[in-house]
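So the chains spell out like this:
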Amino acid sequence: MLFNSLHFFIFFPIVFFVYFTIPPRFRWFWLLLASSYFYMVFIPQYILILYFIIIVDYFAGRMIEKSTGRRRKVYLMASIIANIGVLFLFKYFNFFTSNLTGLAHFLHWNYTPSVFRLLLPIGLSFHTFQALSYTIEVYRGRQPAERHLGIYALYVMFFPQLVAGPIERPQNLLPQLRQLKIFDYYQVIDGLKLIIWGLFKKVVIADRLAILVNTVYNNFDYYSGLQFLIATICFAFQIYCDFSGYSDIALGTAQTMGFRLMQNFQRPYFARSITDFWRRWHISLSSWFRDYVYIPLGGNRVGKLRSGLNVLVTFLASGLWHGANWTFVVWGLLHGFFIVFSRWTMKLREKLVNKVKLNKYPSLYHMEQVIVTFLLVCFSWIFFRAENLNQALQIIYKICLSLTQVIKALFTGNANFFSDQFTGSEFGLSKSGLIVAFLSILFLVCVQLVQRHGDLRGIMRDRPAQQRWALYYLVIIAIALFGVFDEVPFIYFQF
Amino acid sequence: MIRLIKKLLLFSPLLLTLILVNFLIDPYRVFSQLDDDDRWIVEKLKAGNNVILDTTVNDRMVQRGYIAFMGAQKKLYDVVVIGSSRALQINSGIFQKKSFFNNSVMGASMEDNLAIVEMYFKNKVKINTLVLGIDPWMFNRNSGMEKWRILELEYDNFLADNFNYNLFDKIALYVRHINSSKEKIKKYCGTLLSLKYFQHSMQKNDFNYESKRYRITENIYMQSPVKLPDGSVINSESMRSADVERVRKDVVDYLAKAEIYGLESFSVLDPNLRLQFEALLQSLYKKNVRVILFLPSFHPLTYNYIKNHQQYRAVIDTEDYLRSLAKEKKMLLIGSYDPQSVGFTEADFYDFMHPKREAVENLFAGIFGLTK
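Residues numbered from 1 in each chain as written. Chains lettered and ligands numbered in written order. Predicted model: local features only at pLDDT ≥ 70, side-chain atom pairs only at ≥ 80, totals over all residues. Heavy atoms only, no water.

So, the interface of chain B and chain A
Part 1: On the chain A side, the residues contacting the 17 residues of chain B number 22 residues.
Part 2: Both faces considered, chain B and chain A share a buried interface measuring about 1700 Å² in area, 77% of it formed by carbon and sulfur atoms.
Part 3: For the pair chain B and chain A, the interface holds zero salt bridges.
Part 4: For the pair chain B and chain A, the number of links is six residue pairs in polar contact (both at pLDDT 80 or more).
Part 5: Those elements that provide at least two residues to the side of chain B that touches chain A are helix 1 (2-9), helix 2 (12-25) and helix 9 (195-202) of chain B. (Contact = heavy atoms within 4.5 Å. Buried area = accessible area lost by both parts, 1.4 Å probe. Salt bridge = Lys/Arg side-chain N within 4 Å of Asp/Glu carboxyl O. Polar contact = N/O pair within 3.5 Å; in protein donor to acceptor, adjacent residues only side chain to side chain. Helix = DSSP H or I, 4+ residues; strand = E, 2+ residues; numbered from the N terminus.)

Given below as structure tokens:
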């Protein structure tokens with residue numbers, strides 16, 4: 001079930017009102033039922049995979065807690081193998097075998113692998129990691145094993161974050177599932193505001209930009225480097241608004257019922273470095289990799305070289321998590337490389353900044369850092385969005401070529417160059433569509449600038465009622481008039 | 001929770017606006033029950049165009065759309081016609097200077113007649129005279145005709161209004177329609193609440209659909225049948241050009257199959273269908289509508305076949321019944337299933353059961369004065 005569908009807007013109020021109407025001791029069951037229904041709307045049979053993982057991890061957690069010594073590790077490994085095994089089978093098997101086939105052909109071996117033709121269960125990567133964090137935390141002694149199978153199942157299946165996160169930690173979510181939730185009017189209102197805002201980002205900004213991005217990226221031969229550059233920048237906003245929009249709706253939905261899920265985004269394009277970017281982008285995933293991959297490998301407590309390697313391995317894994325394609329691997333490795341490079345060159349860059357006296361202009365320095373980080377992130381998005389490595393490299397080549405042509409045009413004063421690039425409807429959007437896209441990005445940036453000084457909902461609460469209601473009506477009317485309602489799935493659903 | 005509901009109600013103007021805009025503007029005519037081609041035909045007829053049809057035309061849906069227009073006009077129709085394709089030759093030329101429309105549909109059964117009359121009532125169409133084309137199969141429970149089911153809702157409503165359905169019967173009828181309309185209801189609700197449809201409505205997409213299946217024509221004598229703005233039909237070139245010999249041969253071949261359209265297993269007039277017919281007449285009398293019964297003739301060879309085969313005895317009984325009813329109710333009855341009794345020869349037929357346009361016009365010419 002998509003959050004931006006009529007189905008969800010009928011489903012959610014029913015779940016909400018019944019939740020607060022029924023006796024508290026039945027609420028976990030009602031939410032579990034609703035979550036099962038939510039999941040089964042996609043492919044009903046796949047609920048069995050989810051139930052399998054839940055049962056395996058529930059018993060693994062109980063056994064880890066009861067056992068001592070090596071047995072604890074055995075149960076943990078069983079949980080990891082079961083979870084990663086299911087993930088590997090559905091997500092990586094075909095990728096693995098196709099690469100093996102390629103290698104076999106290269107080595108002139110006769111090898112015909114079997115192909116797995118099942119669809120990837122929706123949200124598999126997300127709830128697998130969420131389930132793994134539970135067994136790992138139980139193993140580490142930081143989380144008691146959950147005795148109630150229903151509560152544990154709800155931890156894995158809680159519908160607001162079931163298919164695209166945030167990837168919750170047991171310490172945050174499990175206790176909340178046991179707490180008595182009283183109807184809190186202000187919580188509900190804040191949750192609804194977040195849902196509306198998420199919807200605005202998704203249908204007005206993300207889905208509109210998707211038309212432009214898809215037009216350019218899906219018609220590779222027809223577009224110039226400059227047009228690809230614009231499409232890539234638009235993709236940066238598309239994927240941010242799409243994913244953060246989903247997260248907002250998830251958080252808002254949970255908040256209306258009294259649950260606090262973790263923040264997943266903190267204005268990532270205001271980051272001053274790639275490291276800072278990963279503290280602001282898909283926080284639940286980056287913190288998962290930090291706690292369960294990077295730190296166990298040694299983190300930065302080991303030598304420089306080893307620490308750099310740990311970063312690369314972590315980001316390689318992160319890239320692979322996003323998809324079974326070399327483009328995601330390269331995307332992940334690029335981010336890893338940027339972080340390692342920035343660490344290794346930190347002193348050199350500080351010297352350079354002092355030399356050009358940029359540090360005497362903190363705002364300018366800040367802006368430079370934000371812009372450079374944004375451009376580096378956009379560069380890596382090319383790999384994320386491209387169909388394959390070959391296309392990604394060709395896009396980069398086209399962009400470089402266009403940039404040299406831009407510089408040439410600027411020096412020679414050739415104004416026609418720019419008008420030749422943009423004749424109007426080549427981006428798949430009408431002129432008014434482009435204006436709406438541009439204005440909504442501007443609106444988003446303004447909102448995020450305001451959010452630097454405090455939570456926007458808190459700020460709004462202090463405004464007079466007329467101003468608040470005017471804004472609510474404006475946002476809803478904007479969604480109604482400018483939203484794209486082709487039921488485009490969220491980008492991260494494919495992961 | 002009450003406070004929340006009260007606050008959410010403050011958004012109800014937005015929801016209401018959405019629903020009203022979608023329903024009232026309805027750019028793709030989702031709520032009109034007509035598909036785009038049906039609606040196109042209605043629009044063209046309204047504008048006075050001749051429309052080239054084919055056998056796939058959903059004439060019942062076209063009538064639904066046109067009768068709604070007739071009601072909206074709020075004018076008195078001097079003459080309207082209902083019946084089967086055998087009544088489609090009755091045209092406005094017969095009733096000069098009178099407001100006229102032929103609402104006949106192909107393969108009409110008794111249920112169609114009731115449904116169309118119900119549509120007249122529902123749309124408040126004002127009628128002076130109704131010419132009711134009655135075919136014998138309209139009293140045959142085993143005719144196998146199912147096309148009327150497109151108008152099942154109107155048919156059921158007529159029965160509910162005219163057969164003293166009690167409240168429970170009406171509820172059962174309503175529930176039955178809801179069950180069979182689940183997909184439609186889902187579609188309507190989805191469209192009413194659709195933001196995408198709202199955007200289309202705001203762009204004021206007028207119905208500028210152009211049909212790919214049908215087209216208009218200045219020339220009414222075409223290869224395919226042509227529906228005229230008065231609702232009557234000019235038959236296809238092949239039907240019009242068939243000479244007497246060819247028609248006779250076709251009729252002989254047809255009769256050799258020993259299965260006459262709509263008349264199989266017709267041993268007796270069905271009592272329920274008789275009751276429905278009488279209720280139909282009664283409902284028209286209540287609205288001060290004058291009824292003229294029209295009995296379209298069969299080809300002489302067909303009628304001879306009917307007369308000489310006992311299993312079609314009910315056809316003769318039907319005409320006897322209608323004549324006695326017309327006498328009793330002092331209704332004008334025009335025509336006869338027996339072509340000889342109205343002076344029709346083989347030359348007056350397109351095929352085994354469709355009288356020619358000119359023959360029908362001549363038949364009505366004699367009573368022109370009475371319908372003035």
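Quick look at the pattern of salt bridges
Residues and elements named next belong to chain A.
Part 1: Enumeration over the complete set of coordinates arrives at 29 salt bridges over all chains.
Part 2: Linking Glu-137 and Arg-142 is a salt bridge whose minimum nitrogen-to-oxygen distance equals 3.1 Å.
Part 3: Arg-142 gets classed as partly exposed once you look at its relative accessible area, which sits at 48%.
Part 4: One salt bridge connects Asp-276 with Arg-279, and the closest N-O pair in it is separated by 3.8 Å. Here Asp-276 pairs with Arg-279, and both are found in helix 10 (residues 274-280), just three residues apart, close to one helical turn.
Part 5: Overall, the relative accessible area of 13% leaves Asp-276 in the buried class. (Buried < 20%, exposed > 50% of the residue type's maximum accessible area, 1.4 Å probe, protein only.)

Quick word on the sheet that holds strand 9 (residues 332-335) of chain B
Residue and element names in this part refer to chain B.
Part 1: Reading across from one edge, 3-2-4-8-9 is the order of the five strands in this open sheet, with parallel pairing throughout. Two strands bound the open sheet, and with one partner strand each, they are strand 3 (100-102) and strand 9. The average angle at which neighbouring strand axes cross in this sheet is 20°, direction not considered.
Part 2: Strand direction decides the pairing type here: strand 2 (residues 76-82) and strand 4 (residues 126-133), joined by six bridges, are parallel. (Pairing = 2+ DSSP bridges. Axes fitted to C-alpha atoms, helices over the stretch in contact; angles between N-to-C directions.)

Comments concerning the packing of aromatic side chains
Part 1: Counted under the stated rule, the structure contains 84 aromatic pairs over all chains.
Part 2: Measuring from ring centre to ring centre gives 4.7 Å for Phe3(A) and Phe8(A), while their planes differ by 50°; the resulting arrangement is tilted. Of the two residues examined, Phe3(A) and Phe8(A), each falls in the buried class.
Part 3: For the ring pair Phe265(A) and Trp281(A), a centre distance of 5.1 Å and an interplane angle of 90° mean the geometry is edge-to-face. Remark: Trp281(A) occurs in the loop between helix 10 and helix 11 (283-297) and Phe265(A) occurs in the loop between helix 9 (225-256) and helix 10; sequence separation between them is 16 residues. Accessibility assignment for this pair places Phe265(A) and Trp281(A) in one class, buried.
Part 4: Across the ring face of Tyr19(A), the terminal group of Arg27(A) is positioned such that the distance to the ring centre comes to 5.0 Å.
Part 5: Residue placement shows Lys75(B) over the ring face of Tyr77(B); its charged tip is 4.9 Å from the ring centre. (Phe/Tyr/Trp six-rings, centres within 6.5 Å; stacked < 30°, edge-to-face > 60°. Lys NZ or Arg CZ within 6 Å of the ring centre and 35° of its normal.)

Comments concerning the sheet that holds strand 5 (residues 215-217) of chain B
Residues and elements named next belong to chain B.
Part 1: With antiparallel pairing, the four strands of this open sheet are ordered in space as 5-1-6-7. Lying at the two open borders of the sheet, with one neighbouring strand each, are strand 5 and strand 7 (233-234).
Part 2: As judged from the two bridges shared by strand 1 (residues 50-52) and strand 6 (residues 226-227), these two strands associate in the antiparallel manner. For Val-51, the partnering residue across the bridge sits in strand 6 and is Lys-227.

Here we look at the packing of helix 6 (residues 149-157) of chain A against helix 7 (residues 170-178) of chain A
Residue and element names in this part refer to chain A.
Part 1: One way to put it is that helix 6 packs onto helix 7 with a least axis distance of 10 Å and a crossing angle of 130°. The orientation of helix 6 relative to helix 7 falls into the category oblique. The two elements helix 6 and helix 7 meet at a crossing, and its hand is right-handed. Between helix 6 and helix 7, the residues in contact are Ile-151, Tyr-152, Leu-154 and Tyr-155 and Pro-170, Leu-173, Leu-174, Leu-177 and Arg-178, respectively.
Part 2: Per-class residue counts for the contact of helix 6 with helix 7 are eight nonpolar, no polar and one charged. (Parallel < 35°, antiparallel > 145°, perpendicular 65-115°, else oblique. Left-handed = near helix turned anticlockwise from the far one by under 90°. Nonpolar A, V, L, I, M, F, W, Y, C, P; charged D, E, K, R; others polar.)

Spatial relationships are all this shows, so hold off on functional conclusions.
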